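Secondary and tertiary structure notes
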Amino acid sequence: MVIGLVAGLEPEEEVTDVVCDESDLRDGDMMEVEVGDHNVLLVRCDGVYSAISNQCTHYGAPLSKGVLSGHRVRCPWHGSCFNVKTGDLEEYPGIDGLPCHKVKVENNKVYVSVKKRIQGQPKRIKWMGARDQAVSHTVMLLGGGAASLMCAETLRQENYGGRIIMVSRDDLLPYDKTRLSKIMNAESDSLLMRRVEFFHKYDIEVWLKKEALSIDTNKKTVTFDDGLIQGFDQILIATGCRAKNLDCPGVDLENVLMLETPEDARSIHYACMGCRTVVVGTSFVGMEVAAYMIDMASSITIIGSSELPYQKTLGPEIGKVTMMMLEERGVTFYMNDAVAEVQGENRRVKAVKLKSGITIEADLLIVGIGVNPNSEFLKGSPIRMDSRNFVIVDKYMRTNIADIYCAGDLTSFPLKMAKGQYVSIGHWQVAQAHGRIAALSMLRREVELNTVPFYWTVLLGRTIRYAGYGEGYTEMVLKGKFENMKFLALYLKEDEVVAAAGLNVEPAVSVVAERLAEGRVITKAEAESDDLGWLKLQPM
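The structure contained in this document is the topic of the report that follows. Given the structure is predicted, the values throughout are model-derived calculations rather than measurements.

**Describing the overall build of the protein**
Helix and strand counts for the protein stand at 9 helices and 36 strands. At 25 Å, the protein has a C-alpha radius of gyration in line with the 24 Å of a compact globule built from 540 residues. Each of the three principal axes of the protein carries a C-alpha extent, and together these read 80 × 60 × 45 Å. Split into buried and exposed, the 540 residues of the protein put 55% on the buried side. About 23,300 Å² of surface is accessible on the protein, with carbon and sulfur atoms providing 46% of the total.

See the structure below:
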């Protein structure tokens, strides 16, 4: 069967299959179907069928296991959202859309047709324009991360024809930093979000190994470390944060490492082999790095400043579970402690002395104790920053200076789902959303930032997913049991759910994320109810 001929063009080859009876799918439901070799998501919405590819463009999760809300589907793994009518991406961390497929209903049978040329191609890059040499306008993007990349792509998708210059102190094109602590021996090339050909095709200039020293907001120029002074008409500041080092004697010894780049990750991977390894910090990065090294290092010791890991973010209950997971694999914890001195011999780490007086023999020390904002070059400028030197923006990612925007980890921004509370959130997906909103604001197409933070961490092959903003929560409702490694924690503040964390309960965390994104309150009564149907879960 050939469907959808276009006048004057040869029909494209298609594969068409009967995928179900019309009565098999109720309105507001979705199902996975096979068409030839292609995995397809079939959706019925407002009485109309639509079909898109079933694999999320982020890491390939089956969208049929996700959450359908109106015309969009949310991935069960990491929260990416897609329009089921167009296949367009509506929420990160994915960066590409999905192919759409033709649907036809005949004699109560539903037919789906897939073009042969897109079989095996589950991603679709949204249309983008290129530079128009007649346009003299220049947008500069300071920083080579997720926020800058999404800003550049959104500008081109909106047919901006001016010059785009992305400037990065890294020696790599934008890459997926979320994988650094999960696959630490990955080659840099495998982490790239876009290939060099992409930047050439869409006329996005990328300057690598270049760092801003100062900005002149009146003259609209940036001075770089190589002496270059470059002008701009509009600028996005997205220089992010850098790892914070210890403040004690011995931090300059060899084999004191921090994780910021793929090269750092590989250094840690090879340095830990057969070594007595100490990790300072029980945040997401510290715990992931420790878990990653378990089968390689001869011993692993973790030093934390709080009573339990993740105490301020996921809460003490989940912190205790993750601590037990690693302890069962031989990891030793020293909590409520800190490093007083790093002791060395022949310029290499020999031992780590704690403030409690304990000394731990070590061959390798990995520091993961938080971040500092890369905002030094803004000092002396009129750009407003908070007491921690994070840049303050409004809900359109605008700073207090016209034509100057900020996005990503460096910002203090109003989070809509937290009733406009100003927050700084170092999540990958949040930075991507910032970049898009900033681009639209540059084009005077003001769209209010409305994203629900979504994060995940992987420990020993188990993924804990987190959505929302739970800081300052006053109560936690638990579904399932921590000890069974299957649970959903709902965090409440003022008798409303503000965040959720889950392990092996997909797609429950995505359900909560979607409710929060829609602005539909999840009450304490609903959270405490024994009915888990609204979470798409069976009784636990």
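**Some points on the environment of D24**
By secondary structure assignment, the location of D24 is in the loop between β1 (14-21) and β2 (29-35). D24 sits in the partly exposed class, given a relative accessible area of 46%. Spatially, the C-alpha atom of D24 lies 32 Å from that of F487, the residues being 463 residues apart in sequence. Within the local environment of D24, its side chain forms a polar contact with the backbone nitrogen of D21, the two atoms lying 2.9 Å apart.

**Focus: the sheet that holds strand β8 (residues 89-91)**
The antiparallel open sheet is built from 4 strands, whose spatial order is β5-β6-β7-β8. Looking at strand neighbours, the two that pair on one side only are β5 (67-69) and β8, the edges of this open sheet. Geometrically, the sheet is characterised by an average inter-axis angle of 30 degrees between neighbouring strands, direction not taken into account. Looking at chain direction, strand β7 (residues 81-83) and β8 are connected through 2 bridges and run antiparallel. Note that in β8 the partner of F82 across the bridge is L89. On top of the sheet, helix α8 (residues 508-518) reaches β5, β6 (72-74) and β7; it is set at about 135 degrees to β6, its chief contact.

**A short note on the packing of helix α1 (residues 146-157) against helix α7 (residues 428-442)**
Where α1 contacts α7, the two axes come as close as 7 Å, and the packing angle between them is 40 degrees. Judged by the twist between their axes, the crossing of α1 over α7 is right-handed. Facing A146, A147, M150, C151, T154 and L155 of α1, the residues of α7 in contact are W428, A431, Q432, G435, R436, A439, L440 and M442.

**Some words on the sheet that holds strand β17 (residues 234-237)**
The 5 strands lie next to each other as β13-β12-β11-β17-β29, forming an open sheet whose pairing is parallel. If you trace the sheet from one side to the other, it starts and ends with β13 (204-207) and β29 (404-406), each paired once. This sheet shows a mean twist of 20 degrees between the axes of neighbouring strands, independent of strand direction. In the sheet, strand β12 (residues 163-167) pairs with β13 via 4 bridges, with the strands oriented parallel. Pairing of V167 across the sheet is with W207, part of β13. In this fold α1 packs onto β11 (138-142), β12, β13 and β17, with an angle of close to 170 degrees to the strand it touches most, β12. α7 rests against β11, β17 and β29 of the sheet, and its axis sits at about 165 degrees to β17.

**What to know about unusual backbone geometry**
Cis geometry is adopted by the peptide bond preceding P93, which originates at Y92 and carries an omega value of 25 degrees. Structurally, P93 can be placed in the loop between β8 and β9 (100-106). A cis amide bond, omega 5 degrees, links E506 with the succeeding residue P507. Mapping P507 onto the fold places it in the loop between β36 (496-503) and α8. Even without being a glycine, D403 presents a positive backbone phi close to 70 degrees. Relative to the helices and strands, D403 resides in the loop between β28 (391-392) and β29.

**So, the side chain of N83**
Positionally, N83 belongs in strand β7. A distance of 3.0 Å separates the side chain of N83 from the side chain of E90, its partner in a polar contact. If we ignore the near neighbours within four places in the chain, the residues touching N83 are I52, H71, R72, D88 and E90.

**Focus on the state of the cysteines**
Here, the word disulfide means a covalent bond between the sulfur atoms of two cysteines. Counted by the stated rule, this structure contains 0 disulfides. Among the cysteines around C151, which has no disulfide bond, C406 carries the closest sulfur, lying 11 Å off. Sulfur of C275: no disulfide; nearest cysteine sulfur belongs to C272 and is 7.3 Å away. With relative accessibility at 16%, the residue C275 sits in the buried group.

**Things to note about the pattern of salt bridges**
Under the criterion given, the structure shown has 33 salt bridges. D96 serves as the salt-bridge partner of R194, at 2.8 Å between the closest nitrogen and oxygen. Here R194, found in the loop between α2 (188-191) and α3 (196-201), pairs with D96, found in the loop between β8 and β9; they are 98 residues apart in sequence, far enough to count as distant. One continuous salt-bridge network, built from bridges that share partners, spans R72, R74, E90 and E514.

**Re the packing of aromatic side chains**
Summed over the entire model, instances satisfying the criterion amount to 9 aromatic pairs. For the pair F198 and F199, a centre-to-centre distance of 5.6 Å together with 85 degrees between the ring planes defines the contact as edge-to-face. Classification of F198 by relative accessible area gives buried; the value is 8%. Ring centres 6.2 Å apart and planes at 70 degrees place the aromatic pair W207 and F224 in the edge-to-face group. With W207 in strand β13 and F224 in strand β15 (residues 221-224), this pair connects stretches of sequence that are 17 residues apart. With a relative accessible area of 1%, F224 lands in the buried category. Each residue in the set F284, Y310, Y455 and W456 is aromatic and connected to the rest through ring pairs, giving one cluster. Lying over the aromatic face of F198, R194 brings its terminal NZ or CZ to 4.6 Å of the ring centre. Across from the ring centre of F224, 6.0 Å away, lies the NZ or CZ of K210, which sits over that ring.

Parameters and conventions
- Residue positions are given per chain, counted from 1 along the sequence in the order it is written.
- Residues qualify for local features only when their pLDDT is at least 70, as the model is predicted, and side-chain atom pairs are given and counted only at 80 or more; totals for whole chains, interfaces and linings, by contrast, use all residues.
- In computing side-chain values, all of the structure's heavy atoms are included and hydrogens and water are not.
- A run of DSSP states H or I qualifies as a helix once it reaches four residues; a run of E qualifies as a strand once it reaches two. Both are numbered from the N-terminal end.
- Put simply, the radius of gyration uses C-alpha atoms, and a globule should come to 2.2 Å times the residue count raised to 0.38.
- The rule is simple: take the accessible area with a 1.4 Å probe, protein chains only, and divide by the maximum for that residue type; under 20% is buried, over 50% is exposed, in between is partly exposed.
- Shrake-Rupley sampling with a 1.4 Å probe provides the accessible areas, and residues are treated as covered by the protein chains on show and by no other component.
- What qualifies as a polar contact is a pair of N or O atoms within 3.5 Å, subject to a donor-acceptor requirement within protein and to the restriction that residues adjacent in sequence count only when both atoms come from side chains.
- At least two DSSP bridges between two strands are required for those strands to pair.
- Only the contacting stretch of a helix is used when fitting its axis, a line to C-alpha atoms as for every element, and angles between N-to-C directions run 0 to 180 degrees.
- Throughout, a contact is declared for two residues whenever any of their heavy atoms are within 4.5 Å.
- A crossing counts as left-handed when the near helix is turned anticlockwise from the far one by less than a right angle, and as right-handed when that turn is clockwise.
- Cysteine sulfur atoms that come within 2.5 Å of each other are treated as a disulfide pair.
- Only one rule defines a salt bridge in this text: a Lys or Arg side-chain nitrogen within 4 Å of an Asp or Glu carboxyl oxygen.
- Under the pairing criterion, centres of Phe, Tyr and Trp rings, with the six-membered ring standing for Trp, must be within 6.5 Å; the plane angle then separates stacked pairs below 30 degrees from edge-to-face pairs above 60, leaving the rest tilted.
- Only when the NZ of Lys or the CZ of Arg is both within 6 Å of the ring centre and within 35 degrees of the ring normal is a charge said to sit over the ring.

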